[in-house]
Each structure stands twice: as C-alpha cells, then as structure tokens.
Amino acid sequence: MSTIDVAPDAKAEKTWFGHPSGLTYLFGTEMWERFSYYGNRVLLPIFLTGYLLLPGRAEHVIGSQAIKSFFEWLFGHSLGIQPLQSAIYGTYTALVYFTPLIGGFLADRFFGRRYTVVVGGILMAIGQFMMTVDAYFYIALGFMIVGNGAFKPNISTQVGGLYKPGDHRIDRAYSIFYVGINVGSLLGQIVCGTLGEKVNWHYGFAAAGVGMLIGTVIYLFAMRELPRETVRAKTDKTPVPARAPFMRDDWIAMAILILLFIPGCLFWATYEQSGNTIEIWTRDYVDRSVNLGFTSFTIPVTMLQNVNPFFIFTLTPLILIYWRRQELKGSEPSAVTKMALGCGLVALSYVFLAAVQHFYGGQHVSWVFAVAYFFILTVGELYFSPVGLSLYAKAAPPQIAGFMMAVFLATSSPGNFMAGILGTYWTGMDKVSFFLMIAAIIGATVPVIYAFRAPIERILAKRRAIENGNPMASPHVVEPPG
C-alpha cells in the first residue's frame, strides 16, 4: 500500500498570516530540526580534532578501532587525527543526505509520513543526547543518520499537502519554509557552537538534543492541522494515465541532466570544505581577535561558520533584483551559464584563500579574509544550487520529472563523501597547494557545464513555444519532411 496527502477542506481551513496554520507548525518543526543538525555539525571538526580523537580518549569510544581500521583499509594507509576526522565527517554528512531516499520510500509505501516523522525526530534526539557521552559517539551518529532519513523528506512533502492543486500560495509557502531552515541553522551554530566551544563540548550537543525535542513536540501538536493521509491499497486497480513516449529531445535532456550529476558532486565536494577543513583553517591559521578600542574579544571558530547563512539571507534578495534587471535588459544569463558561473566563483574563493595564505606565509591571517572567502563562496552557491533545482525542474522530461529532481538532490551525498576524502589531504599538504587543488577540481567543471548550454537552451525554447501555443514545436510532434 501507499499513502497520499489530502489537503483540508478550504471552508474549514484555519489560516495564520494568510496560510494554513499547519505551515506555521511545519516551519517551527523544521527550524528546530535544522537548529539541532547544524548545531551538531558545526562542532564536529573541532570536537574530533581537539578532543575526542586525541590519544587517551579515542580508545574509550565504542567501535573506535574498528572505524579507524575501516578507513585506513579504505584509503590504503594509516590516518592521523585530522585525516580521520575528515573521513568521519564526510561519511556522516554523505549518509545524512542519502538516507532520506530510503525514508521517503518507506513512508510512502508502508508507514505513512506522520509516523515516520515522529520516529525520526525521536531517534535524532536520542542520538544528540548520546553525543554527551564520549563512549557512544559512533552509535549516536548512527541514530542521527537513521533519524534524519526518516524525518527530512517527509516534513518537506507535507508542506505541499497543505494546499490544493493550483493554489498560488504554495510557492510562497516553500519560500517561508526555506526561511525556517536558514533561521534554524544560524541559531543552531550560534547557540550550540558557542556552548560547545566556549563552555563544554557536551553542553553544545545537549542543546542540539533539546532543540530536536522541541521540534518533535511542535510536530505532535501540529497533527490536527496537517494533511490527512489516505492509504491506497496494493489491490487498488484505478487506471494510471499512459505516459507519453520518449522522443529525441527527451533522451537528450535526460542524458545531459545525468551527466551534470558529476559536476554537481564536485561542487558539493569543494563547497563542503567550508564546514570541514576551512573550520580547521579558521582555528589554526586565522587571527580572530577584534579590538574596538573600548573593548576586545576573540571570535569563536564556530561563529565564523554563521557568515555563510548570514550572507544567504542578505544576498539572496540583492541577487534576485540583479537578475531581474538583467532580464529587463535582455542580458540575464541562462540557467546553465549561471551554474557554470557559480562553480567559477567557488573556484575563485579558494584561489583567493591560496593567495592570502601565500602572501601571509606562516603568519595568522585576519578574520576579514575568512569573511571575504564566505562572501565569494555564498554568491557561488546562490548561482548554482537554487538555479540547479530550477533547471532540473524545467529541463527534465515530464515523464520522469520527480526522478530527475532526485538525481540533482542526490549529488549532495557522494559530494559530501568526496569532501571528506579531499579533506584527508589537509594535514600532509602545503596549504597554498591544498587550496589550489580544490580550486582546480571545481574550476574544471566550468567548461563542462557550459558545454551543455546550447542543447539545453534549444530544448527549453521548444517547450516555451509549446506553452505559447505552437504545437509543432513539441518534441512529441513529428514535423513533416521538407
């Protein structure tokens, strides 16, 4: 059997701020879940390298020797503290992005979204609290990976279920929901990061656990406001509409989007250094002292991680205005060109770090340079990630639109794993060389992505012609010879 969401009757709909009241509950649930996840994640690199993996502590963690042996077998050589940390970080974040594929399937086919979300929230809260006991570290990560897989895909899906087909409010609803994601990540990194780094590691993880519990409780209160789930039995014989056959343009579009999976993975492999090796660089190579004349203080390592979500907030409306002005002038780049520019900007951010590191040599660099790096990186992200979602939605053959969207989202999983692998080279390489290596990897994707601009634009132009009433432009209409 499978489950589907049924939007509530419009006459009985309770609204807050012009949207179904369930959206507010889902906003709060997702905000606290992101508070929990990012609050935990921001601590991992410095917690592992500065505490848990040090001799005298690592031996007391259940499964530590087995985990270390596995990664050393995988890489073919012994791993020091920082390379092992990077391998753990990369594998953890990769699995966090992979398990939602399983969680979404199980919820759709067997358990229902509500039950799966509650179970996922409880598992993640258990994992966060287990992080306060060093011996349970790897077990705790397992709980959080499984819990995230159950929780993450089924919350997002229920947002759409609040609205009936054709309801114009749904686009704004997802924008509101996305704000909750970023608010949660920002607060989680500030609260949990500061507690963990400045007070006690375990206080930071405990705060993340409290956040997850709050999110789960909010969801339980939301039950009456969320879409009803109806079960469709396996024996349901309701006919399914026939799909249009694949034509030449469909095959071309699908092939291009699948090939873009590789640049997508490399984007996240390099971008995610910002939460891995860049956090180590911030701790060890950046002068974080601030002197205001009347007072002075040192910026916590974890606080600089908040620069990225801050720039997402502030730069998104400015970039949208800039694109709108380009559109009015007829000079707005295509989606593929924007994605190539995004990768180029990420490459530039690491070239910038290499230049700064080379200029300063072995000295500590100003925290201002770290902020400048995050500025360039965030602009690159805004040119690549949301634009990529839009491209896959527009260019994917309608028959497999959902699958192709999943292909794009799935780039985060192998990308994060590769980020962990690349991070293992941090300790053994000169830092200028390391940053240039990362820049070269993402820079190589720019011409590859740009090469697909012409065929994708041709296909999208045909689809626009169809929407404007030209049936002969349809890839499913055979044009007469001559």
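Each chain carries its own residue numbering, running from 1 in the direction its sequence is written. With the structure being a predicted model, the display of local features is reserved for residues of pLDDT at least 70 and the display and counting of side-chain atom pairs for 80 or more, all residues being used for whole-chain, interface and lining totals. Values shown for side chains rest on all heavy atoms present in the structure; no hydrogens or waters enter the calculation.

### Notes on the overall build of the protein chain
Selection criterion: Only DSSP runs of H or I with at least four residues qualify as helices, and only runs of E with at least two residues qualify as strands; both kinds are numbered from the N terminus onward. Burial status follows relative accessibility: with a 1.4 Å probe on protein chains alone, a residue under 20% of its type maximum counts as buried, one over 50% as exposed, and anything between as partly exposed.
Counting its regular elements, the protein chain contains 20 helices and eight strands. When burial is assessed residue by residue, the protein chain has 50% of its 482 residues classed as buried.

### A closer look at a nonpolar patch on the surface
Counted only if it meets this: Patches here are clusters of residues that have more than 30% relative accessible area and form no salt bridge, with a 9 Å joining cutoff for like charges and a 5 Å cutoff for nonpolar side chains (Val, Leu, Ile, Met, Phe, Trp, Tyr). Exposure was quantified through the Shrake-Rupley algorithm and a 1.4 Å probe, taking into account, for residues, occlusion by the shown protein chains and nothing else. For salt bridges, the criterion is a side-chain nitrogen of Lys or Arg within 4 Å of an Asp or Glu carboxyl oxygen.
A contiguous nonpolar surface patch, about 310 Å² in accessible area, is contributed by Ile62, Val133, Tyr136 and Ile139. As for its placement among the helices and strands, Ile139 is situated in helix 6 (residues 137–161). By relative accessible area, Ile139 is classed as partly exposed at 34%.

### Considering the packing of helix 3 (residues 64–75) against helix 4 (residues 81–111)
Stated precisely, the cut-off is as follows: Only the contacting stretch of a helix is used when fitting its axis, a line to C-alpha atoms as for every element, and angles between N-to-C directions run 0 to 180 degrees. Oblique is the label for any angle not under 35 degrees, not over 145, and not in the 65 to 115 range, which are roughly parallel, roughly antiparallel and roughly perpendicular in turn. In this analysis, two residues are considered to be in contact whenever any of their non-hydrogen atoms come within 4.5 Å of each other.
As a packed pair, helix 3 and helix 4 sit with axes 11 Å apart at the nearest point and diverge in direction by 95°. As summarised for this structure, helix 3 and helix 4 are arranged roughly perpendicular, according to the angle between their axes. Each of Lys68, Phe71 and Phe75 in helix 3 lies in contact with helix 4, whose residues at this interface are Leu84, Ala87, Ile88 and Thr91.

### Quick notes on the pattern of salt bridges
The final tally for this structure, using the stated rule, is seven salt bridges. Arg41 is the partner of Glu272 in a salt bridge, and the nearest nitrogen-oxygen pair spans 3.2 Å. Residue Glu272 is located in the loop between helix 10 (261–271) and helix 11 (277–285), and its partner Arg41 is located in helix 1 (residues 21–41); the two are separated by 231 residues in the primary sequence. The exposure classification of Glu272 matches that of Arg41, with both residues buried.

### Here we look at the packing of helix 5 (residues 113–130) against helix 8 (residues 201–222)
This is how it is decided: If you view the pair so one helix is near and one far, a crossing is left-handed when the near helix is turned anticlockwise from the far one by less than a right angle, and right-handed when it is turned clockwise. Under the scheme applied here, ten amino acids are nonpolar (Ala, Val, Leu, Ile, Met, Phe, Trp, Tyr, Cys and Pro), four are charged (Asp, Glu, Lys and Arg), and all others, including Gly, are polar.
Here helix 5 crosses helix 8 at 160°, and the two axes come no closer than 8 Å. Of the possible angle classes, the one that applies to helix 5 and helix 8 is roughly antiparallel. Between helix 5 and helix 8 the crossing geometry is left-handed. Side by side, helix 5 and helix 8 meet where Arg113, Arg114, Val117, Val118, Gly121, Ile122, Met124, Ala125, Gln128 and Phe129 of the first sit next to Phe205, Ala206, Ala208, Gly209, Val210, Met212, Leu213, Thr216, Tyr219 and Leu220 of the second. Here the contact of helix 5 with helix 8 is built from residues that sort into 14 nonpolar, four polar and two charged.

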